[in-house]
Amino acid sequence: MISTDIAIIGAGPVGLFAIFEAGLLKMRCHLIDYLPQVGGQLSEIYPKKPIYDIPGYPTVLAQELIDNLVEQAKPFHPGYTLGERIEGLEKRGEADFVLTTNMGTIIEAKVVVIAGGLGCFEPRKPAVAGLEQFENGRGVNYMILDPEKYRGQKMVIAGGGDSALDWTIFLADIVSELTLVHRSESFRGAPDSVNKVMELAESGKINLVLNSNLNSVSGNGKLEAVEVIHNRTMEATTYEADHLILFWFEP
């Protein structure tokens, strides 16, 4: 049995920073996460994505932030149980909790903190003809791990949230041609990011395709083209693409 003062469910940035704050109060922490490494969504989905809303950092890469948080927590010697999911929580007596993972690991703690954010994300795959045919390294992806992989290539990004907007801004100077497709005319992301994307479109650095949906993908063994249907006219436009990135996720 692992014994600790605080059991933290979730090893993302909030859980990692909690180690530091608890350590200042001389409290020991043990983190549990279903992912095989710390960092949560930042490490799993977009480790090299720039983040702009962290206090004290005009910009910082997602994985760099996680690495700094791990380093900050080291003096307090936290414990980690990774690649396991909490499946049982039992209150024992007046003070203690006992947590059990799907692998049978037992953790005893005085306090339980849930820092799960929105949970483990899975890609939400749209009904696009031929999509699965080009997954697994053949052009269709649901996250970006290494932006240099796309240098000088043609890319279509689909989505209207912060990830789609931030990666569009970041990749505009890396890829040879970038098209951002969004099903609406308004975005869900930060207004400043929206403004930057609009400026890129106005200057001709990206193709901005609004009020449109992906219809199909095609290619000869590897992705070569993405067909988009415009909602108002129902006309189809085909864009050459080496890569299609879909930033649609659900917990």
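A short tour of the structure in this document, coming up. All of these numbers come straight from a predicted model, not from anything done at the bench. (Residues numbered from 1 in each chain as written. Predicted model: local features only at pLDDT ≥ 70, side-chain atom pairs only at ≥ 80, totals over all residues. Heavy atoms only, no water.)

Tracing the sequence through the fold places Glu90 in strand β6 (residues 86-92). On the basis of relative accessibility, which here comes to 40%, the residue Glu90 falls in the partly exposed class. In this structure the C-alpha to C-alpha distance between Glu90 and Thr100, which are 10 residues apart in sequence, comes to 8.6 Å. Setting aside its immediate chain neighbours within four residues, Glu90 contacts Asp96, Phe97 and Val98. (Helix = DSSP H or I, 4+ residues; strand = E, 2+ residues; numbered from the N terminus. Buried < 20%, exposed > 50% of the residue type's maximum accessible area, 1.4 Å probe, protein only. Contact = heavy atoms within 4.5 Å.)

All right, on to the packing of helix α1 (residues 13-24) against helix α3 (residues 62-73) then. Orientation of α1 relative to α3, taken along the N-to-C sense of each, is 25 degrees, at an axis distance of 8 Å. Accordingly, the angle class assigned to the pair α1 and α3 is roughly parallel. Helix-helix and strand crossings are classified by hand; for α1 and α3 the assignment is left-handed. Together, Pro13, Leu16, Phe17, Ile19 and Phe20 of α1 and Ile66, Leu69, Val70, Gln72 and Ala73 of α3 make up the contact between the two elements. (Axes fitted to C-alpha atoms, helices over the stretch in contact; angles between N-to-C directions. Parallel < 35°, antiparallel > 145°, perpendicular 65-115°, else oblique. Left-handed = near helix turned anticlockwise from the far one by under 90°.)

Okay, the packing of helix α4 (residues 162-171) against helix α5 (residues 191-202) next. The contact between α4 and α5 brings their axes to 9 Å, and the two run at 45 degrees. Judged by the inter-axis angle, α4 sits oblique to α5. Once α4 is placed against α5, the crossing between them reads as left-handed. The segment α4 lies against α5, with Leu165, Asp166, Thr168 and Ile169 engaging Ser193, Val194, Lys196, Val197 and Leu200.

One finds Ile157 and Leu171 to be the most contacted residues of the largest nonpolar core, which totals 41 residues. At the level of elements, β1 (2-9), α1, β2 (29-33), α3, β11 (154-158), α4, β12 (177-181) and α5 are the ones that each hand at least two residues to this core. Apart from residues no more than four positions distant in its own chain, Ile157 is found in contact with Ala164, Trp167, Thr168, Leu171, Leu178, Thr179, Leu180, Val181, Ile245 and Phe247. (Core = buried A, V, L, I, M, F, W, Y, C linked by side-chain atoms within 4.5 Å.)

Before going further, it helps to spend a moment on α3. Helix length check: α3 (12 residues) gives 17 Å between terminal C-alpha atoms against 16 Å at 1.5 Å per residue, within 8%. Every buried residue belonging to α3 is among Ala62, Leu65, Ile66, Leu69 and Ala73, and all of these are buried. Across the axial projection of α3, the buried residues extend over an arc of 100 degrees, all falling on one side. For α3, the secondary structure elements touched by its buried residues are α1, α2 (40-44), β3 (50-51) and β4 (60-61). (Expected span 1.5 Å × (residues − 1). Arc of directions from axis to C-beta.)

Purely spatial values, then, with no claim about function.
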